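Here is what each chain is made of, one letter per residue.
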Amino acid sequence: MQEKVLVTRSSMPKFEEYVEMIRPLWDSHWLTNMGEFHKKLEQKLKEYLRVQNLSLMVNGHMALELVIQAMGFPEGSEVITTPFTFISTTHAIIRNKLSPVFCDIKLSDYTIDENRIEELITEKTVAILPVHVYGNICNVEKIQQIADKYNLKVIYDAAHAFGETVNGVGVGNFGDASVFSFHATKVYNTIEGGAVTFRDESLYKKLYNLKNFGIRSEEVVAEVGSNAKMNEFSAAMGLCNLKYIEPNIKARKELIKYYASKLRDVKGIRLCARDTESVEYSYGYFPVLFESEICGQAMRDKVYDRLMEENIYSRKYFYPITSDATCFKNKYKNIPLENARYAGANILVLPLYPELDKTVIDEIVRIIRECI
Ligand SMILES: *Cc1c(COP(=O)(O)O)cnc(C)c1O
C-alpha cells in the first residue's frame, strides 16, 4: 500500500536554521506587535513581490476582511465576485455587511468571466473582487477598464498567485489592492499569515490601525478595528522560507510538466491553459478537469474515491461553489453560474509539493487511466 499522500505538504526550513533565526526573541522578549522580524519580512516581501506597498497580516482571510473594511463601502453595497473560490473570499464580503453578486467564470482558466461583469453592475455596486484561481491571472486589463468606467474598486484575491508576474510586473500591482495568503498549505508559508499589497500608500496607515484594534495612540481608539497582527515566530518562519522559494517553485514546475506529459493524451481530461509567454507562475496547484460529456457524470468523484483507496488524497477544489454553501444558499442574487458549477463538479486538484516523488505521480496517472 502506498504511504499516505496528501494534496499538499508544508514547506519548512531546516530545524536548526529556524531555531537560530528565533534565538534573538529570547533576548528581546518582543514576540508580536510589529517587531523586528515583522518589519524585515514586510521589506523582503515588497522586494520579492515587486510592489511598492505591503501590509503583513495574521492570515489571508483577515487581510481580505480588513482591506475591504479600509475601503469604507456603505453597508449593503454590492461586490461582484466569483463563486469558484475558497469560502474565505465570499465570507470576507459578507462579514463586511456587503452583498456578493456572483459572476460566472471562464472554462479556459476558471477565472471570473470579464465579459459578464458589466451586466451585473447596479447603482449599488462598489467593487469587483476577482480571484487569480490556481494562480491563473484574471484578465486584469479588461477588469480595470470596467472598474474605471463605473468608478469601482478592484480587490484581487491573490492567495494562489504568490510571486507571480505578468511581463515582469508583480501580480500584486493590479487593481487597488491584492491579498496574499501564507497559510501552511500555500506555495509560500509563514505557518499562518497573509498580506495586502496596494496602490494608494495612505492605505498602509489605515491597515496598520485596523489590524491593531483601531488604536491610534495610547488614549485614542479611532475606529472599530480587529486584531490581525503577524507574530514574530511566523515572520521568522517567513524569512526562512523565503530563501527557498525559488527552488521550490522550480520543483513544482518540473512536477507539473511531468504530470502533464503523462496526462495530455488522455481523452476527456482537460488541463489548465497557461500563458507561459508572459506569465511567471508559482505552480501552486495541479487541477484536472474530467469532461463529464466524455467521461460520464461521476468520473471526478470516482477518481477521488479510487485515489483515496490507495491512500492518495486529492481535493475537490472548489466544490461546492461558494454560492451553494449551506450558509448562503438562495440568500443572494440568483445568477446562472453554469461554468462555475461545471468546474465545481468536475475538477480534481491532484497532490503537488516540491518533494513529491515522481513514482507517486506515476501511480496517480495509472489510477486515472484505469478509471477512464
Ligand atoms: C487560502 C485562501 C484564502 C484564505 O487565506 P488564509 O491565509 O487561509 O486565511 C483566501 N482565498 C483563497 C482563494 C485561498 O486559497
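Each chain carries its own residue numbering, running from 1 in the direction its sequence is written. Per-residue local features of the predicted model are confined to residues with pLDDT of at least 70, and side-chain atom pairs are confined, for both listing and counting, to 80 or more; whole-chain, interface and lining totals are unaffected and use all residues. In computing side-chain values, all of the structure's heavy atoms are included and hydrogens and water are not.

Colleague: Would you explain the site of the ligand in this entry?
Modeller: A cutoff of 4 Å decides nearness: a residue is near a molecule or strand if any of its heavy atoms lies inside that distance of it. Near the ligand lie 14 residues; those nearest to it are Gly60, His61, Asp157, Ser181 and Lys186. Any pair of nitrogen or oxygen atoms within 3.5 Å is treated as a polar contact; in protein, a donor-acceptor pairing is required on top of that, and neighbouring residues in sequence qualify only through side-chain atoms on both sides. Contacts to the ligand include Gly60, whose backbone N or O atom sits 2.7 Å from an oxygen atom. The contact in question runs from an oxygen atom of the ligand to an N or O atom on the side chain of Lys186, over 3.2 Å. Numbering goes from the N terminus for both helices and strands, where a helix is a DSSP run of H or I of at least four residues and a strand is a run of E of at least two. If you list the elements that add at least two residues to the shell around the ligand, you get helix H4 (60–71) and helix H5 (87–95). Looking at the shell around the ligand residue by residue, the class counts come to 2 nonpolar, 10 polar and 2 charged. Polarity classes work like this: nonpolar for Ala, Val, Leu, Ile, Met, Phe, Trp, Tyr, Cys and Pro, charged for Asp, Glu, Lys and Arg, and polar for all others, with Gly in that last group.

Colleague: Please clarify how a nonpolar patch on the surface should be interpreted in this entry.
Modeller: Nonpolar side chains (Val, Leu, Ile, Met, Phe, Trp, Tyr) within 5 Å and like charges within 9 Å form the patches, drawn only from residues with over 30% relative accessible area and no salt bridge. For the area figures, the Shrake-Rupley method with a 1.4 Å probe applies, and any residue is considered shielded solely by the protein chains shown. Salt-bridge detection follows one rule: a side-chain nitrogen of Lys or Arg within 4 Å of a carboxyl oxygen of Asp or Glu. Judged by side-chain polarity, Phe213, Ile215 and Val221 come together as a nonpolar surface patch covering roughly 260 Å² of accessible area. Summarising the element assignment, Phe213 is placed in the loop between helix H7 (203–210) and strand E10 (215–217). Exposure remark for Phe213: the relative accessible area of 40% places this residue in the partly exposed category. When a residue's accessible area, from a 1.4 Å probe over protein chains only, is under 20% of the maximum for its type it is buried; when over 50% it is exposed; and in between it is partly exposed.

Colleague: I would appreciate a short explanation of the sheet that holds strand E2 (residues 78–81) in the present structure.
Modeller: Whether parallel or antiparallel, the strands of a sheet pair through hydrogen bonds between backbone atoms. Whether two strands pair depends on DSSP finding at least two bridges between them. Strand order in the open sheet formed by 7 strands is E1-E9-E8-E5-E4-E2-E3, and the pairing between neighbours is mixed. Two strands close off the open sheet at either side, each with one partner strand: strand E1 (54–57) and strand E3 (99–102). For this sheet, the mean inter-axis angle between neighbouring strands, taken without regard to orientation, is 25°. Pairing geometry for strand E5 (residues 153–157) and strand E8 (residues 177–181), over 3 bridges, is parallel. Residue Ile155 lies in a different strand from E8, and its bridge partner there is Ala177. Lines fitted to the C-alpha atoms define the axes, with helices restricted to the stretch that makes contact. Angles between their N-to-C directions range from 0 to 180 degrees.

Colleague: Just checking my understanding: could you explain helix H3 (residues 36–49) for this structure?
Modeller: Residues three or four positions apart in an α-helix share a direction because the helix packs 3.6 residues into each turn. For a helix, the expected span equals 1.5 Å multiplied by the number of residues minus one. With 14 residues, H3 extends 20 Å between its outermost C-alpha atoms, agreeing within 8% with the 20 Å of an ideal straight helix rising 1.5 Å per residue. For H3, every residue scored as buried is listed here: Phe37, His38, Leu41, Glu42, Leu45 and Leu49. End-on view of H3: buried residues confined to an arc of 135°, all on one side of the axis. Seen from the buried face of H3, the exposed residues on the opposite side, beyond 90 degrees, are Glu36 and Glu47. A positive backbone phi angle near 55° is found at Arg50, which sits one or two residues after H3. When we speak of the arc, we mean the arc of directions from the helix axis to the C-beta atoms.

Colleague: Help me out: how do you make sense of the side chain of Ser11 in this one?
Modeller: Positionally, Ser11 belongs in the segment before helix H1 (15–22). Its relative accessible area of 7% is what places Ser11 among the buried residues. Apart from the residues lying within four places of it in its own chain, the contact partners of Ser11 are Val187, Asn189, Met237, Asn241, Asn248 and Pro354. Any two residues whose heavy atoms approach within 4.5 Å at even a single point are treated as in contact.

Colleague: Just to check I follow, could you spell out the pairing of strand E14 (residues 286–290) for this structure?
Modeller: Both faces of the sheet carry side chains from a regular strand, because those side chains alternate between them. Most of E14 is tucked away, with 5 of its 5 residues classed as buried. Here E14 shows no split at all, with Phe286, Val288 and Phe290 on one side and Pro287 and Leu289 on the other all buried. In this sheet, E14 lies alongside strand E12 (residues 269–271) in antiparallel orientation, the contact comprising 3 bridges. Across the sheet, Ile269 pairs through a bridge with Phe290, a residue of E14. Alignment of E14 against strand E15 (residues 347–350), held across 4 bridges, turns out to be antiparallel. Looking at E15, one finds that Phe286 is bridged to Leu350.

Colleague: Just checking my understanding: could you explain the side chain of Lys229 for this structure?
Modeller: Tracing the backbone through its elements, the reader meets Lys229 in the loop between strand E11 (220–221) and helix H8 (232–242). None of His or the chain ends enter the tally, which takes Lys and Arg as positive and Asp and Glu as negative. The buried charged residue Lys229 lacks any salt bridge, with Glu232 as its nearest oppositely charged partner at 11 Å. Looking at Lys229, its side chain comes within polar contact range of the side chain of Asn33, at 3.5 Å. A polar contact is formed between the side chain of Lys229 and the side chain of Asn227, at a distance of 2.9 Å. The contacts of Lys229, once residues within four sequence positions are left out, are Thr32, Asn33, Met34, Val58, Lys211, Asn212 and Phe213.

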